[in-house]
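Structure at a glance
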Amino acid sequence: MLDAAQKGGYAYPAINVTSLTTINGALKAFSESKSDGIIQVSTGGGEFASGTAVKDAAFGAIVLAEACHLLAEKHDVLIALHTDHCHPEKVEGFLKPLLQASRERIAAGKGPLFQSHMFDGSVVDLKENLTISKELLKECAELGIILEVEAGCVGGEEDGHDTSGLPIEKLYTTPEDMLEVYEALSGIGRFMFAATFGNVHGSYKPGSVKLKPSILKDGQKAVTDKHGSGAEMDLVFHGGSGTSSEDLQETLDYGVVKMNIDTDTQYAFTRPIVTHICAEHRGRAQDRRRSRQQETL
Ligand SMILES: [Zn+2]
């Protein structure tokens, strides 16, 4: 899927899910658009899916992934499963049990549970980030799983992780960082890279976030100048909600193959529910008023 996207100059939407209903919503949308795509689970989504009395992110992610495997069979598109931001302190409790679940599935003659996982080491310095990333990529590669890494910081707030107070330069990955990530990981296995270029979590009106897609171009150039055109990396665009199509198109030109959309799909899911409930509530209230008036008559 990633090779096809690189070749075709497009990116897959990566949709966060938390329940059977949202999985089915994403599958229906992919199916109707005749588009392959990515369904992903965050640690918060996993916790929620495990039940709010249980709150086990890895267990909930396993439940959602197994459901996705079954439900996706009913659709004629390719669906890749992915897990979203996992910070260093959650590796043991989230990523490790999920890798173990894949190991068990592979031993039973099936494919891995998830096709890719994200390790988000942006909270530690790049050296430590890459030390952990290398270890995890090695483990993923043995299972045929891709690892997404992040350097720089996605702005905004998601899943209780708030980076809005960070200095502005943290929101932009430098070409030197991109080169360092490539050189650390390229020999180990397939990876995707969430390089940051001013993108933020949450939905903003176009224009209120200063995106600098040229950051991605400069970083890819630093890598391909030194290592050849085959070294172009698979990039991930976080915080895709509310992005103008011009900005989006530009990022595709620089190697973005996965674009995370969460806020917009949360609205797409909750707005019709709220509208339906409000309309029903008004309708019922009117019915009650009418029947009271008839009784009085
Ligand atoms: Zn993100």
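All values derive from a computational prediction rather than experimental measurement.

1. Here we look at the overall build of the chain
Regarding its fold elements, the chain presents 10 helices and 10 strands. For the chain, the spread of C-alpha atoms along the principal axes amounts to about 85 × 50 × 35 Å. Out of the 297 residues belonging to the chain, those deemed buried represent 39%. The contacts of the chain with a sequence gap of at least 6 include a subset with a gap of at least 24, amounting to 69%.

2. Thoughts on helix α7 (residues 175-185)
Looking only at α7, the buried set comprises D177, M178, V181, Y182 and L185. The buried residues of α7 all sit within an arc of 135 degrees when viewed along its axis, so they share a single face.

3. Examining helix α8 (residues 214-227)
An ideal rise of 1.5 Å per residue puts 20 Å on 14 residues; α8 measures up with 20 Å between its terminal C-alpha atoms. All of the buried residues in α8 are I215, L216, G219, Q220 and V223. All buried residues of α8 project into a common sector of 125 degrees when viewed along the axis, lining one side. Away from the buried face of α8 by more than 90 degrees, exposed residues S214 and D225 are located.

4. A look at the sheet that holds strand β9 (residues 234-237)
Judged by pairing direction, the barrel is parallel, and its 8 strands sit side by side in the order β1-β2-β3-β4-β5-β8-β9-β10 before closing back on the first. The sheet shows a mean angle of 25 degrees between the axes of neighbouring strands, direction not considered.

5. Digging into the packing of α7 against α8
Following both chains from N to C, one finds α7 and α8 inclined at 50 degrees, their axes separated by 8 Å at the closest point. It follows from the interaxial angle that α7 and α8 lie oblique. Our pair here, α7 against α8, has a crossing hand that is right-handed. Contacts between α7 and α8 pair P175, M178, L179 and Y182 from the former with D218, G219, A222, V223, K226 and H227 from the latter. Broken down by class, the residue content of the contact of α7 with α8 amounts to 6 nonpolar, 2 polar and 2 charged.

6. Regarding the environment of S186
Locating S186 in the fold gives a position in the loop between α7 and β8 (191-195). Note: C-alpha distance between S186 and L137 (49 residues apart in sequence) is 9.9 Å.

7. Description of the packing of helix α4 (residues 57-72) against helix α5 (residues 91-107)
Where α4 contacts α5, the two axes come as close as 8 Å, and the packing angle between them is 40 degrees. One element, α4, and the other, α5, form an angle in the oblique class. Here the hand of the crossing between α4 and α5 comes out right-handed. Contacts between α4 and α5 involve A57, A58, A61 and I62 from the first element and G93, F94, P97, L98 and A101 from the second. Within the contact of α4 with α5, the residues separate by chemical class into 8 nonpolar, 1 polar and no charged.

8. Regarding the pairing of strand β4 (residues 116-119)
For a regular strand, side-chain orientation follows a simple rule: the groups alternate between the two sheet faces. With burial as the criterion, each face of β4 is covered, one bearing S116 and M118 and the other bearing H117 and F119. Here 2 bridges tie strand β3 (residues 79-83) to β4, and the two strands are oriented parallel to one another. Counted as the bridge partner of H82 is S116 from β4. Regarding topology, α5 serves as the crossover connection from β3 to the parallel β4, and that connection is right-handed. One ladder, built from 4 bridges, connects β4 with strand β5 (residues 146-151); its direction is parallel. Following the sheet pairing, H117 is matched in β5 by L147. The parallel pair β4 and β5 is bridged by helix α6 (residues 126-142), and the resulting crossover is right-handed.

The rules behind the values
Residues numbered from 1 in each chain as written. Predicted model: local features only at pLDDT ≥ 70, side-chain atom pairs only at ≥ 80, totals over all residues. Helix = DSSP H or I, 4+ residues; strand = E, 2+ residues; numbered from the N terminus. Buried ≥ 20, exposed ≤ 12 C-beta atoms within 10 Å, placed from the backbone. Contact = placed C-beta atoms within 7 Å. Arc of directions from axis to C-beta. Expected span 1.5 Å × (residues − 1). Pairing = 2+ DSSP bridges. Axes fitted to C-alpha atoms, helices over the stretch in contact; angles between N-to-C directions. Parallel < 35°, antiparallel > 145°, perpendicular 65-115°, else oblique. Left-handed = near helix turned anticlockwise from the far one by under 90°. Nonpolar A, V, L, I, M, F, W, Y, C, P; charged D, E, K, R; others polar. Right-handed = clockwise from strand over helix to strand, strands pointing away.

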